[in-house]
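# Architecture and fold: a report
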Amino acid sequence: TCFGANLNFAATEAYKLLRTNLMFSGPSVRVVGFTSFGPGEGKTTLSLQTAISFAQMGKRVLLVDADLRKSVLAGQLRIRSKVEGLSHYLSGLANISELLRETDIPGLYIMLAGARVPNSTELLGSENFARMIPALKDVFDYVIVDAAPVGQVIDCAVMAPALDGILMVVDTTHNSYKLERRIKQQLEMAGAKIL
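All figures in this text were calculated on a predicted structure; none of them were measured in a lab.

What counts, and where the lines are drawn
- Residues numbered from 1 in each chain as written.
- Predicted model: local features only at pLDDT ≥ 70, side-chain atom pairs only at ≥ 80, totals over all residues.
- Heavy atoms only, no water.
- Helix = DSSP H or I, 4+ residues; strand = E, 2+ residues; numbered from the N terminus.
- Buried < 20%, exposed > 50% of the residue type's maximum accessible area, 1.4 Å probe, protein only.
- Areas by Shrake-Rupley, 256 points an atom, 1.4 Å probe, with all protein chains shown as cover.
- Lys, Arg positive; Asp, Glu negative; His and termini not counted.
- Charge placed at Lys NZ, Arg CZ, Asp CG, Glu CD.
- Core = buried A, V, L, I, M, F, W, Y, C linked by side-chain atoms within 4.5 Å.
- Contact = heavy atoms within 4.5 Å.
- Axes fitted to C-alpha atoms, helices over the stretch in contact; angles between N-to-C directions.
- Parallel < 35°, antiparallel > 145°, perpendicular 65-115°, else oblique.
- Nonpolar A, V, L, I, M, F, W, Y, C, P; charged D, E, K, R; others polar.
- Pairing = 2+ DSSP bridges.
- Salt bridge = Lys/Arg side-chain N within 4 Å of Asp/Glu carboxyl O.
- Phe/Tyr/Trp six-rings, centres within 6.5 Å; stacked < 30°, edge-to-face > 60°.

The secondary structure content of the protein chain amounts to nine helices and six strands. Principal-axis analysis of the C-alpha atoms gives the protein chain an extent of 40 × 40 × 35 Å. Expressed as a percentage of its 195 residues, the buried residues of the protein chain come to 50%. For the protein chain, the computed accessible surface area is about 9,700 Å², with 52% contributed by carbon and sulfur atoms. Here the protein chain holds 20 positive side-chain charges and 18 negative ones, and the gap between their average locations is 3 Å.

Rendered as structure tokens:
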């Protein structure tokens, strides 16, 4: 998989700042989910660039595409072929090791979403997902999880208790503070630690 993004200085520094802030969240915060209220707010780009930033400082990082309903990561990476991914593992059709794809950035791996499934909420809230997280923590320094927008589906909320923290991506030009606060409260009621 090729990662050819050329970022300007300001963008590079912003991702480094985010990476530093995540590191200062504590040594136990190693599996971080990224979500937003709706599509098009930049959560996939942000999760990808954060994963790259961690890998560039010598960390072993996995980016998991957990948007099983409408993944855009494969498109951003220009992967055209159908690839097995998270949905295959959660359905019992593949092992984790079969789904890890190496990138051209040393230390960075990705796990794509896989086939779209009608029962993504049940799969992401399953024991398979809960068991997967500690197994990944044994292998990787950081696991970045690109989750579905929480304003549209509850997938992120059901997987949140298994994650060390959630980062909400907010586009203030489209959503109100009241709406974002309500979404934050819903995540916290589900057991999410908002970073």
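From this point, things continue past the structure.
Next up on the list: the nonpolar core. Within the largest apolar cluster, 38 residues are counted, with the highest numbers of intra-cluster contacts made by Leu86, Met132 and Leu187. Broken down by element, this core gets its largest block of residues, four residues, from helix H7 (residues 127-139). Ignoring any residue separated from it by four or fewer positions in sequence, one finds Leu86 in contact with Val64, Asp65, Ala66, Leu68, Leu99, Met111, Leu112, Ala113, Gly114, Leu124 and Met132.

Moving on: the packing of helix H1 (residues 9-23) against helix H2 (residues 43-56). Each packed pair of helices is defined by two parameters, the angle between the axes and the distance between the axes. Put simply, H1 and H2 touch, their axes get as near as 9 Å, and they point 75° apart. Judged on the interaxial angle alone, H2 and H1 are roughly perpendicular. Two secondary-structure elements touch here, H1 through Tyr15, Lys16, Leu18, Arg19, Leu22 and Met23 and H2 through Thr45, Leu46, Gln49, Thr50, Ser53 and Phe54. Tallied by class, residues from the contact of H1 with H2 come to six nonpolar, four polar and two charged.

Another aspect to go through is the pairing of strand S5 (residues 142-147). For S5, the buried fraction is high: six of the six residues fall into the buried class. Where burial is concerned, the two faces of S5 agree: the one with Tyr142, Ile144 and Asp146 and the one with Val143, Val145 and Ala147 are both buried. Relative to S5, strand S1 (residues 31-36) is paired through four bridges, and the arrangement is parallel. Among the inter-strand pairings, Val32 is bridged to a residue of S5, identified as Ile144. The sheet contact formed by strand S2 (residues 61-66) and S5 spans six bridges and is parallel. By the bridge assignment, Leu62 is partnered in S5 with Val143.

Another aspect to go through is the side chain of Arg19. If you trace the backbone, Arg19 turns up in helix H1. Glu13 is the oppositely charged side chain nearest to the buried, salt-bridge-free Arg19, at an N-O distance of 7.9 Å. Once residues within four sequence positions are removed from consideration, Arg19 is found in contact with Ser53, Phe54 and Met57.

Turning next to the packing of aromatic side chains. Scanning all chains against the criterion turns up two aromatic pairs. A ring pair is formed by Phe54 and Tyr142, whose centres lie 4.0 Å apart and whose planes are at 20°; its orientation type is stacked. Here Phe54, found in helix H2, pairs with Tyr142, found in strand S5; they are 88 residues apart in sequence, far enough to count as distant. Here the aromatic rings of Tyr109 and Phe140 are separated by 5.7 Å at their centres, their planes lie at 65°, and the arrangement is edge-to-face. Taken together, the residues Tyr109 in strand S4 (residues 108-111) and Phe140 in the loop between H7 and S5 connect sequence positions 31 residues apart. Both residues of the pair, Tyr109 and Phe140, belong to the buried class.

What follows is about the sheet that holds S1. The pairing of strands in a sheet happens through backbone hydrogen bonds and is either parallel or antiparallel. Read from one edge of the open sheet, six strands run S3-S4-S2-S5-S1-S6, paired in mixed fashion. On the outer flanks of this sheet lie strand S3 (101-102) and strand S6 (165-169), each paired with one strand and no other. Bridging between S3 and S4 involves two bridges; their strand directions are antiparallel. Looking across to S4, one finds that Arg101 is bridged to Ile110. Each of S1, S5 and S6 touches H1; the most contacted strand, S1, lies at about 125° to it. Sheet strands in contact with helix H9 (residues 177-189) are S1 and S6, and its direction is about 165° off that of S6.

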